[in-house]
Amino acid sequence: MRLLIQHGTLVNENNIFDGSIIVEDSKITKIVEGNTIPNASFDEVIDASGCFVLPGLIDDHVHFREPGLTEKADIDSESRAAAAGGITTYFDMPNTNPQTTTLQALEDKFALAAQKSHVNYSFFFGATNNNVDLFSQLDPHRIPGIKLFMGSSTGNMLVDRREALDKIFSTATMPIMVHCEDTEIINRNMAEAKRLYGDDPKVTHHPEIRSTEACYQSTKLAVELATKHHARLHIAHLTTAKELELLTSSPSHLLTCEVTPSHLYFCDRDYNALGTRIKCNPAIKSLADRDALRQAVADGRVTVIGTDHAPHLLSQKEGGCSKAASGMPMIQFSLVTMLELVDQGVLTLERLVELMCHNPAELFGVRGRGFLREGYQADIVLVRPNTGWTVTKDIILSKCGWSPMENHMYLWRVERTICNGHTVYCDGVVDTNYIGQPVTFR
């Protein structure tokens, strides 16, 4: 199968240029700068006129809910949403049922994805207070790293013993992705909120309960542990200006961080309109925190953009701070949301590609993906600017059936997603017969 993508504007490795891409089977074989059309025969020619051509996105942080929580989402439905959003690779989190904290549970997830995932995949292994001895049996060429919850979150995987934390940081040789929130501070804040506002405080109090201090103290401890043990720490979904202070004083190759499109787009003022639809852990915080995150995305302190895509049924989002589930679906609309921030001047298109394609590949050592390079897998997304459309319920592919972006109008559109040289999404249609590949790591 020979494929030509021509007349597009390529965005890759801090460069924007007109050119064409030749794909043979699953790999990029030639990148041609300029408007010269290669003199060869092709099985398919895609006219990318008016489109920007990007590497397929790598989302380092998703919750696809399978196995065990499939009333909310599953690998089939969420990988379809990923394809529609320009994401060609995802790393799924371990707080499923059963949790991905045993070797068998990890193998079971790979087996499910080999049957159901429409884009490329891998899975984090979950740390607990007592499973560190399994780390040496993990294949570092198959998984991106260890996921550690240093704070209660969906799935009840809290690791709270200092002895266990020291052992995890001293033992893990792969990146440790950490959810950082201090449970004692959260519990104390929740008790006070209930005293003041009743058993289920309104969602507007969520950032007071899962507070800046709860995030900062936990992140500070994680940085101290990583520094002490020379571990590779990747802070998930950083949310506060105060936590950003911790990024300047540590070696960059040992300390990296992720920010989500949700925390870059929303702030606490949006709770009044969107309510629990934007309730997530860590909480969406103040406008000042959002603006500080935006600045850190632009200036290089933030390493990657990951969605923390976490679907729940709307019935599970009813209530307030103590009753409504935390988490939101975002994978289908993450790229176009970030492109909207490009239009607003928050970051450049080149920086977006760095954050959502290049850096995840480099950070986790992904083989042959994340760049438009000859010899790399043909994971490619075409996006078209100046094409107004509105998010309506009928186009939402996540199984939960809703989005915090409903009724929002975008000016960018994902036109086509190519995964391993195969068009998995085009003009609103996902090829559900296509199955992605397991990711390999250096």
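Look up: the structure comes first, before these words.
Residues numbered from 1 in each chain as written. Predicted model: local features only at pLDDT ≥ 70, side-chain atom pairs only at ≥ 80, totals over all residues. Heavy atoms only, no water.

Description of the overall build of the chain
Here is step 1 of the chain: In terms of helices and strands, the chain carries 12 helices and 20 strands.
Here is step 2 of the chain: With respect to the three principal axes, the spread of C-alpha positions in the chain is 70 × 50 × 40 Å.
Here is step 3 of the chain: The burial tally for the chain puts 62% of its 442 residues in the buried class.
Here is step 4 of the chain: A fraction of 72% describes how many contacts in the chain between residues 6 or more apart in sequence connect residues 24 or more apart.
Here is step 5 of the chain: As displayed, the chain has an accessible area near 16300 Å², and 47% of this comes from carbon and sulfur atoms.
Here is step 6 of the chain: In the chain, 41 positive and 54 negative side-chain charges are present, and the distance between their average locations comes to 4 Å. (Helix = DSSP H or I, 4+ residues; strand = E, 2+ residues; numbered from the N terminus. Buried < 20%, exposed > 50% of the residue type's maximum accessible area, 1.4 Å probe, protein only. Contact = heavy atoms within 4.5 Å. Areas by Shrake-Rupley, 256 points an atom, 1.4 Å probe, with all protein chains shown as cover. Lys, Arg positive; Asp, Glu negative; His and termini not counted. Charge placed at Lys NZ, Arg CZ, Asp CG, Glu CD.)

Description of helix α6 (residues 212-229)
Counting along an α-helix, one turn takes 3.6 residues, and residues three or four places apart therefore face a common direction.
Here is step 1 of the chain: Relative to the 26 Å expected for 18 residues at 1.5 Å per residue, α6 spans 26 Å between its end C-alpha atoms, a close match to the ideal helical length.
Here is step 2 of the chain: Among all positions in α6, only A214, C215, Y216, S218, T219, A222, V223, L225 and A226 are buried.
Here is step 3 of the chain: Directly beyond the C-terminal end of α6, a positive phi value near 55 degrees is found at H230. (Expected span 1.5 Å × (residues − 1).)

Some thoughts on the packing of aromatic side chains
Here is step 1 of the chain: Under the defined criterion, the tally for this structure stands at 15 aromatic pairs.
Here is step 2 of the chain: Aromatic side chains F91 and F441 sit 5.6 Å apart centroid to centroid with 55 degrees between the ring planes, which places their arrangement in the tilted category. In this pair, F91 is assigned in strand β7 (residues 87-92) and F441 in the segment after β20 (429-430), connecting sequence segments 350 residues apart. Here the two residues F91 and F441 agree in accessibility, since each one is buried. (Phe/Tyr/Trp six-rings, centres within 6.5 Å; stacked < 30°, edge-to-face > 60°.)

A look at the packing of helix α3 (residues 162-171) against α6
Here is step 1 of the chain: The N-to-C vectors of α3 and α6 enclose an angle of 50 degrees; their axes lie 9 Å apart at closest approach. On the basis of their axis angle, the class for α3 and α6 is oblique. Note that α3 runs across α6; the crossing there is right-handed. On α6, the residues touching R162, L165, D166, F169 and S170 of α3 are L221, A222, L225, A226, K228 and H229.
Here is step 2 of the chain: Here the residues of the contact of α3 with α6 are counted per class, giving 6 nonpolar, 2 polar and 3 charged. (Axes fitted to C-alpha atoms, helices over the stretch in contact; angles between N-to-C directions. Parallel < 35°, antiparallel > 145°, perpendicular 65-115°, else oblique. Left-handed = near helix turned anticlockwise from the far one by under 90°. Nonpolar A, V, L, I, M, F, W, Y, C, P; charged D, E, K, R; others polar.)

Digging into the pattern of salt bridges
Here is step 1 of the chain: Applying the stated criterion across every chain, the model contains 25 salt bridges.
Here is step 2 of the chain: Across the pair R373 and E13 runs a salt bridge whose closest N-O atoms are separated by 2.9 Å. Placement of the pair is R373 in the loop between α12 (349-364) and β15 (380-384) and E13 in the loop between β1 (2-12) and β2 (15-24), with a sequence separation of 360 residues.
Here is step 3 of the chain: Residue classification places E13 among the partly exposed residues on the basis of a relative accessible area of 38%. (Salt bridge = Lys/Arg side-chain N within 4 Å of Asp/Glu carboxyl O.)

Re the pairing of β15
Regular strands place their side chains on alternate faces of the sheet.
Here is step 1 of the chain: Counting buried positions over the 5 residues of β15 gives 4, a clear majority of the element.
Here is step 2 of the chain: One ladder, built from 4 bridges, connects strand β5 (residues 52-55) with β15; its direction is antiparallel. Counterpart to P55 in the pairing with β15 is I380.
Here is step 3 of the chain: Bridge count between β15 and strand β18 (residues 413-419): 5 bridges; the pairing is antiparallel. (Pairing = 2+ DSSP bridges.)

Focus: the pairing of β7
Here is step 1 of the chain: Burial runs high along β7: 6 of the 6 residues are buried.
Here is step 2 of the chain: As paired strands, strand β6 (residues 57-62) and β7 are joined by 4 bridges and run parallel to one another. Bridge pairing in β7 links D59 to Y90.
Here is step 3 of the chain: The β-α-β motif built from β6, the intervening helix α1 (residues 75-84) and the parallel element β7 has right-handed crossover chirality. (Right-handed = clockwise from strand over helix to strand, strands pointing away.)

Structural notes on the sheet that holds β7
Here is step 1 of the chain: Here 3 strands make up an open sheet; going across it, the order is β6-β7-β8 and the pairing parallel. With partners counted over all chains shown, the strands left at the sheet margins are β6 and β8 (120-123), one partner each. The sheet shows a mean angle of 20 degrees between the axes of neighbouring strands, taken without regard to direction.
Here is step 2 of the chain: Taken together, the 4 bridges between β7 and β8 define a ladder with parallel strand orientation. Paired with T89 across the bridge in β8 is N120.

Structural notes on the nonpolar core
Here is step 1 of the chain: Among the nonpolar cores identified, the biggest contains 101 residues, and L148 and F169 are the most heavily contacted of them.
Here is step 2 of the chain: The residues contacting L148, other than those within four sequence positions of it, are A127, V159, L165, I168, F169, I176, M177, V178 and H179.
Here is step 3 of the chain: Counting 17 residues, the second largest nonpolar core, distinct from the first, contains I5, I21, I31 and A48. (Core = buried A, V, L, I, M, F, W, Y, C linked by side-chain atoms within 4.5 Å.)

Considerations on empty space enclosed by the protein
Here is step 1 of the chain: What the rule picks out here adds up to 7 cavities of 30 Å³ or more.
Here is step 2 of the chain: Estimates place the volume of the second largest cavity at around 50 Å³.
Here is step 3 of the chain: Every residue lining the second largest cavity is listed: T260, S262, H263, C280, T307, D308, G327 and M328.
Here is step 4 of the chain: The residue makeup of the lining of the second largest cavity, split by class, is 2 nonpolar, 5 polar and 1 charged. (1 Å grid on protein atoms, 1.4 Å probe; cavity = no way out; pocket = protein on both sides within 12 Å on 5 of 7 lines; lining within 4 Å. Points joined across faces, edges and corners; volume = space filled by probe spheres on them.)

Details of the environment of I21
Here is step 1 of the chain: Looking at the secondary structure, you find I21 in strand β2.
Here is step 2 of the chain: Along the sequence, I21 and V32 sit 11 residues apart, while their C-alpha atoms lie 6.3 Å from each other.
Here is step 3 of the chain: Other than its neighbours up to four places away in sequence, I21 contacts L3, L4, I5, L10, I28, K30, V53, L372 and I380.

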